[in-house]
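# Architecture at a glance
So the chains spell out like this:
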Amino acid sequence: MNFKKLWLAGAVALVATACTQSPEWTLLYYPEGQVKPSVADSSEFITGYYKTIEQCHAKGKGLIRLNGDAGDSYLCGYQCEASDKSLTCKNVVTAQE
(Lines give C-alpha, C1' and ligand atoms only; values in the text may rest on other atoms or scores of the structure.)
Protein backbone atom coordinates (compact mmCIF):
# COMPACT_ATOMS: atom_id res chain seq x y z
CA MET A 1 0.00 0.00 0.00
CA ASN A 2 1.54 3.28 -1.01
CA PHE A 3 1.56 6.45 1.06
CA LYS A 4 -1.30 8.15 -0.84
CA LYS A 5 -3.68 5.23 -0.27
CA LEU A 6 -2.70 5.01 3.40
CA TRP A 7 -3.21 8.77 3.86
CA LEU A 8 -6.60 8.62 2.09
CA ALA A 9 -7.74 5.69 4.24
CA GLY A 10 -6.70 7.57 7.40
CA ALA A 11 -8.50 10.74 6.30
CA VAL A 12 -11.69 8.80 5.53
CA ALA A 13 -11.56 7.07 8.92
CA LEU A 14 -11.04 10.39 10.69
CA VAL A 15 -13.96 12.04 8.89
CA ALA A 16 -16.21 9.06 9.55
CA THR A 17 -15.53 9.08 13.28
CA ALA A 18 -15.87 12.86 13.53
CA CYS A 19 -19.32 12.68 11.95
CA THR A 20 -20.53 9.98 14.31
CA GLN A 21 -19.66 11.66 17.61
CA SER A 22 -22.84 12.20 19.57
CA PRO A 23 -23.50 15.21 21.79
CA GLU A 24 -22.98 14.48 25.47
CA TRP A 25 -25.36 17.10 26.97
CA THR A 26 -29.12 17.53 26.58
CA LEU A 27 -30.87 20.82 27.39
CA LEU A 28 -34.21 20.52 29.18
CA TYR A 29 -35.94 23.91 29.11
CA TYR A 30 -39.01 24.61 31.26
CA PRO A 31 -40.98 27.79 30.38
CA GLU A 32 -42.67 29.65 33.24
CA GLY A 33 -46.07 28.28 34.09
CA GLN A 34 -45.07 24.72 33.20
CA VAL A 35 -45.13 22.26 36.04
CA LYS A 36 -41.55 21.04 36.25
CA PRO A 37 -41.75 17.25 36.05
CA SER A 38 -39.10 14.76 37.08
CA VAL A 39 -36.28 14.24 34.61
CA ALA A 40 -37.80 10.89 33.65
CA ASP A 41 -40.98 12.69 32.51
CA SER A 42 -39.18 15.59 30.77
CA SER A 43 -38.71 14.25 27.23
CA GLU A 44 -41.11 16.86 25.81
CA PHE A 45 -38.90 19.63 27.25
CA ILE A 46 -35.76 18.63 25.30
CA THR A 47 -34.60 21.78 23.55
CA GLY A 48 -31.23 20.77 22.12
CA TYR A 49 -28.10 18.66 22.28
CA TYR A 50 -24.62 20.02 22.98
CA LYS A 51 -21.05 18.80 22.99
CA THR A 52 -20.03 20.56 26.24
CA ILE A 53 -21.71 21.59 29.49
CA GLU A 54 -20.68 25.19 28.79
CA GLN A 55 -22.61 25.17 25.50
CA CYS A 56 -25.67 23.74 27.24
CA HIS A 57 -25.59 26.39 29.97
CA ALA A 58 -25.06 29.17 27.42
CA LYS A 59 -28.12 28.08 25.42
CA GLY A 60 -30.28 27.71 28.55
CA LYS A 61 -29.32 31.19 29.78
CA GLY A 62 -29.84 32.60 26.29
CA LEU A 63 -33.37 31.19 26.07
CA ILE A 64 -34.25 32.70 29.43
CA ARG A 65 -32.84 36.06 28.32
CA LEU A 66 -34.65 35.91 24.93
CA ASN A 67 -37.96 35.01 26.53
CA GLY A 68 -37.47 37.74 29.14
CA ASP A 69 -38.90 35.55 31.82
CA ALA A 70 -36.99 34.99 35.05
CA GLY A 71 -39.50 32.25 35.94
CA ASP A 72 -38.15 29.98 33.21
CA SER A 73 -35.63 27.31 34.17
CA TYR A 74 -33.46 24.66 32.57
CA LEU A 75 -31.36 21.60 33.32
CA CYS A 76 -28.46 20.05 31.46
CA GLY A 77 -28.49 16.25 31.40
CA TYR A 78 -25.37 14.20 30.73
CA GLN A 79 -25.66 11.24 28.32
CA CYS A 80 -29.45 11.16 28.34
CA GLU A 81 -31.40 8.40 26.63
CA ALA A 82 -35.08 8.50 25.75
CA SER A 83 -37.28 5.44 25.53
CA ASP A 84 -40.98 5.90 24.80
CA LYS A 85 -41.81 8.94 26.96
CA SER A 86 -39.23 8.22 29.63
CA LEU A 87 -35.84 9.95 29.84
CA THR A 88 -32.81 8.77 31.79
CA CYS A 89 -29.59 10.75 32.27
CA LYS A 90 -26.34 9.68 33.89
CA ASN A 91 -26.09 13.07 35.60
CA VAL A 92 -28.17 16.26 35.76
CA VAL A 93 -26.72 19.73 36.33
CA THR A 94 -28.97 22.59 37.38
CA ALA A 95 -28.92 26.08 35.89
CA GLN A 96 -25.88 28.24 36.54
CA GLU A 97 -26.42 31.68 38.02
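Residues numbered from 1 in each chain as written. Predicted model: local features only at pLDDT ≥ 70, side-chain atom pairs only at ≥ 80, totals over all residues. Heavy atoms only, no water.

## What to know about the sheet that holds strand 1 (residues 25-30)
Condition: Think of it this way: DSSP has to see at least two bridges between two strands before they count as a pair. Secondary structure elements follow DSSP: runs of H or I of four or more residues count as helices, runs of E of two or more count as strands, with numbering from the N terminus. An axis is simply a line fitted to the C-alpha atoms; with a helix, the fit covers only the stretch in contact. Between two such axes, the angle follows the N-to-C directions and lies from 0 to 180 degrees. The contact rule is simple, with two residues in contact once any of their heavy atoms fall within 4.5 Å.
Strands sit in the order 2-1-3-6 across an open sheet of four strands; the sheet is antiparallel. Among the strands making up the open sheet, the edge pair consists of strand 2 (46-50) and strand 6 (91-94). Pairwise comparison of adjacent strand axes, ignoring direction, gives a mean angle of 25 degrees for this sheet. Note: strand 1 against strand 2, four bridges, orientation antiparallel. For leucine 28, the partnering residue across the bridge sits in strand 2 and is isoleucine 46. In the packing of helix 2 (residues 53-67) onto the sheet, the strands contacted are strand 1, strand 2, strand 3 (73-78) and strand 6, and the crossing angle to strand 1 comes to about 20 degrees.

## Here's the deal with the nonpolar core
Selection rule: To qualify as a nonpolar core, a set must consist of buried Ala, Val, Leu, Ile, Met, Phe, Trp, Tyr and Cys residues joined through side-chain atoms within 4.5 Å. Only protein chains enter the calculation, and the probe is 1.4 Å; a residue is then buried if its accessible area is under 20% of its type maximum, exposed if over 50%, and partly exposed in between.
Ranked by size, the top nonpolar core spans nine residues in total: Trp25, Leu27, Tyr29, Tyr50, Ile53, Cys56, Leu63, Tyr74 and Cys76. Residue assignment for this core shows that the elements contributing at least two residues are strand 1, helix 2 and strand 3. Among residues more than four places away in sequence, those in contact with leucine 27 are Phe45, Ile46, Thr47, Gly48, Tyr50, Cys56, Lys59, Gly60, Leu63, Tyr74, Leu75 and Cys76.

These figures capture arrangement, not role.
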